[in-house]
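Here is how the chains run, residue by residue.
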Amino acid sequence: MPEKPITEWAKEIRRQTISMLAASASGHPGGSLSLADILAVLYFDKMNIDPQNPTWEKRDRLVLCKGHAAPALYAALALRGYFPLEELANLRKLGSKLQGHPDMKKVPGVDMSTGSLGQGLSVACGMALAARLDQKDCYIYAALGDGENQEGQVWEASMLAAHYKLSNLIAFIDHNGLQIDGLTTDVMSPEPLEEKWRAFGWFVQRIDGHDPVAIAQAIETAKGQKDKPAMIIADTVKGKGVSFMENVAGWHGQAPKAEQAEQALQELA
Amino acid sequence: MSENKKIATREAYGKALADLGSQNQRIVVLDADLSKSTKTCDFAAAHPDRFFNIGIAEQNMIGVAAGLAVSDKIPFVSSFAVFATGRAYEQIRNSVAYPFANVKIAATHAGITVGEDGATHQALEDIALMRALPGMTVVVPADALETEQAVAALTQMYGPAYLRLGRLSTSTVNMPDYEFRLGKGVLLRPGKDIAIFACGMMVQPSLEAADLLANEGIAAAVANIHTIKPLDKDFIIDLASCCGAALTVEEHNIIGGLGSAVAETLVENKPIPMLRVGVEDVFGQSGSPAALLETYGLTPAAISQKAKRALAMKK
């Protein structure tokens, strides 16, 4: 892995995301682009992982609860060396390991199969309990969408993580404010998220989700908490980095056409 | 029949799990506020560090179990069958079956013999739900001895599994030297006129029905099909072929359970007259287990009557 600043890795994740979505003519750009900086900090700085040994038992793990951001995760994993970059062009194609939503049985580096919103945080809780039983020093990360907070199971898991004091669990909410049908606050407001997670017993931080320094600092602060799970509410822009996608709900699950992809890649140069 | 000591399969499950927990440190147990009823309280008492009460949150329980399983634990999760399979169905589908996570769903209080709690608590479609999931093993033990061995067998095998257990005490149908073999049908009583395939709580009344039929000169074979999936197709085809007529008996909706599994197998391989005994696509109700079994036609007398109807179709 070449030495690059995190901002460059984030940009590369965004570029690869646009390219693979254009190649497959299908997929979710908006929530992939909003999560790119968080994934860059995790996979190129904070996570203790070994791409040569993807199932290393003491590794840190990430559950991509918002599984539709699979393109960004695939980009991060390929750039980190889990599999060849050329495979990204096979996204969503018949027989490809790169399914529309992540499949842990097919993709090295994917720690859990996800895609059905609301289920991932429970799985992350199970991983955190297992790590504690085995006295492993690893951290379990989870990345949720803000709209995903509308799923009741998220709050069941939230209760459990606080009850069992899962301080080895660090979760992010990709707080981009949009879901398929529009603004989260119009569709079914999950707000106020900070107060809710705090009331559920979590150590809550709120940061700029596109500032790699802030993301890294929030992770370190979270690791300093010894008796609570940590929630990092990351304020983000859906479609971040591509002018015509930013803050447009319509780019949740629509792939760019060739000329749109070209413009996006120019903006991300 | 070896003895008449009656033990509920859930009781046997609780004891077996607590014992296995001493031998295998990878076993962890999750319950959703029903540990005294599902009998996981035995494991909780013996291994408190590996028991997690999830509270009344079955969907979360399945997800947490998946996380433990992909971290090399062997989680057993328990609740009542209606909640364990129904409430958390999509969690089982997407977080357990799809990633082929090594989660064992051991659900108690299956069927109408839940009794007085009524229809909301009587799972009659759980086998159908679990059987439809790719890769899911489905086991319905008939007595305590079989339950103990099934719990051990499911611990040994890798992959998602559903173990269906009952609330009510049941007679022992297997001999003391019985050896449970996952995926293998068990011939409990030979016969040449009709093959009765039963599972779980319905094995014993099926044996009694065979006694009634014998009084009328009808030789009914009775087989225990404890593993609904993977189904012992060869065994079922062979026995049904020898008899020329078949009857299935289960404490489940006649849609989707053992009867459907056997019918699918016979229709595609050896079409012969066949009828199904089960709850006939209705919800249950409150009542004593005995009264409910009578009401829904799950008694030895009702089974033998239906067997004779199937026999009549042979002509």
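Keep in mind that what you see is a predicted model, and the values were worked out from it rather than measured.

J.: Would you take a moment to explain the interface of chain B and chain A for this structure?
T.: As a measure of interface size, the accessible area lost when the parts come together is often cited. Contact with chain B, which involves 23 residues of that partner, is made by 22 residues of chain A. Those elements that place two or more of their residues in the side of chain B that touches chain A are helix 4 (58–69) and helix 6 (89–97) of chain B. Here the side of chain B that touches chain A takes 8 residues from helix 4 of chain B, the largest share from any one element.

J.: Help me understand the sheet that holds strand 1 (residues 61–63) of chain A in this model?
T.: Residue and element names in this part refer to chain A. On the basis of which strands lie adjacent, the open sheet formed by 5 strands has the order 1-2-3-7-6 and parallel pairing. The sheet is open, and its two borders are formed by strand 1 and strand 6 (203–208), each paired with just one other strand. Strand after strand, the sheet turns through a mean of 20 degrees between neighbouring axes, direction not considered. Relative to strand 2 (residues 140–145), strand 1 is paired through 3 bridges, and the arrangement is parallel. For Val63, the partnering residue across the bridge sits in strand 2 and is Ala142. Together, strand 1, strand 2 and strand 3 (169–175) form the strand contacts of helix 4 (residues 120–133), whose direction differs from that of strand 2 by roughly 170 degrees.

J.: Help me out: how do you make sense of the domain arrangement of chain B in this one?
T.: Residue and element names in this part refer to chain B. Domain annotation for chain B reports domain 1 (7–170) and domain 2 (186–312). Using only C-alpha atoms to locate each centre, domain 1 and domain 2 end up separated by 25 Å. Listed per partner, the contact involves 26 residues of domain 1 and 29 residues of domain 2. Each residue belonging to the side of domain 1 that touches domain 2 can be placed in one class, and the counts come to 13 nonpolar, 8 polar and 5 charged.

J.: Explanation requested: the sheet that holds strand 2 (residues 27–31) of chain B in the structure shown.
T.: Sheet strands line up and pair through hydrogen bonds in the backbone, either parallel or antiparallel. Residue and element names in this part refer to chain B. Reading across the sheet, the 7 strands line up as 3-2-4-5-7-6-12 and stay open at both edges, with mixed pairing between neighbours. Only two strands of the sheet have a single partner each, and these edge strands are strand 3 (51–53) and strand 12 (227–229). This sheet shows a mean twist of 20 degrees between the axes of neighbouring strands, independent of strand direction. Across 4 bridges, the pairing between strand 5 (residues 104–107) and strand 7 (residues 161–164) is parallel. In the sheet register, Ala107 faces strand 7, and the bridge partner there is Arg164. Lying over the sheet, helix 8 (residues 144–156) contacts strand 2, strand 4 (74–78), strand 5, strand 6 (137–139) and strand 7, oriented at roughly 175 degrees with respect to strand 7.

J.: Explain the environment of Gln263 of chain A to me, please; I cannot follow it from the model alone.
T.: All names here are of chain A. On the secondary structure map, Gln263 appears in helix 9 (residues 258–267). We classify Gln263 as partly exposed; it has 16 C-beta atoms within 10 Å. Sequence spacing of Gln263 and Val204 is 59 residues, and the spatial spacing of their C-alpha atoms is 37 Å.

J.: What should I look at first to understand the packing of helix 9 (residues 203–215) of chain B against helix 13 (residues 300–312) of chain B in this one?
T.: Helix packing geometry: the angle between the two helix axes and the distance between the axes. Residue and element names in this part refer to chain B. Look at helix 9 against helix 13: their axes get within 8 Å of each other, and the N-to-C directions meet at 60 degrees. Viewed along their axes, helix 9 and helix 13 adopt a mutual orientation that is oblique. Relative to helix 13, helix 9 is oriented so that their crossing is right-handed. Contacts from Pro205, Ser206, Glu208, Ala209, Leu212 and Leu213 of helix 9 reach helix 13 at Pro300, Ala301, Ile303, Ser304 and Ala307. For the contact of helix 9 with helix 13, a count of residues per class yields 8 nonpolar, 2 polar and 1 charged.

J.: Sorry, what's going on with the pairing of strand 13 (residues 246–253) of chain B here?
T.: Two faces, one strand: in a regular strand the side chains alternate between the faces of the sheet. Residues and elements named next belong to chain B. Most of strand 13 sits inside the fold, with 8 of its 8 residues counted as buried. For strand 13 and strand 14 (residues 274–279), the ladder comprises 5 bridges, and the chain directions are parallel. Paired with Asn253 across the two strands is Val279, which belongs to strand 14. For the segment spanning strand 13, helix 11 (residues 258–269) and strand 14, crossover handedness is right-handed.

J.: For this particular structure, what's the right way to read the environment of Met61 of chain B?
T.: All names here are of chain B. Within the fold, Met61 resides in helix 4. We classify Met61 as buried; it has 32 C-beta atoms within 10 Å. It is 7.1 Å that separates the C-alpha atoms of Met61 and Ala32, two residues lying 29 residues apart in sequence. In contact with Met61, other than residues within four places in its own chain, are Leu30, Ala32, Ile54, Val77 and Ala88.

Quick notes on the rules
Residues numbered from 1 in each chain as written. Chains lettered and ligands numbered in written order. Predicted model: local features only at pLDDT ≥ 70, side-chain atom pairs only at ≥ 80, totals over all residues. Contact = placed C-beta atoms within 7 Å. Helix = DSSP H or I, 4+ residues; strand = E, 2+ residues; numbered from the N terminus. Pairing = 2+ DSSP bridges. Axes fitted to C-alpha atoms, helices over the stretch in contact; angles between N-to-C directions. Domains from an automatic or database assignment. Nonpolar A, V, L, I, M, F, W, Y, C, P; charged D, E, K, R; others polar. Buried ≥ 20, exposed ≤ 12 C-beta atoms within 10 Å, placed from the backbone. Parallel < 35°, antiparallel > 145°, perpendicular 65-115°, else oblique. Left-handed = near helix turned anticlockwise from the far one by under 90°. Right-handed = clockwise from strand over helix to strand, strands pointing away.

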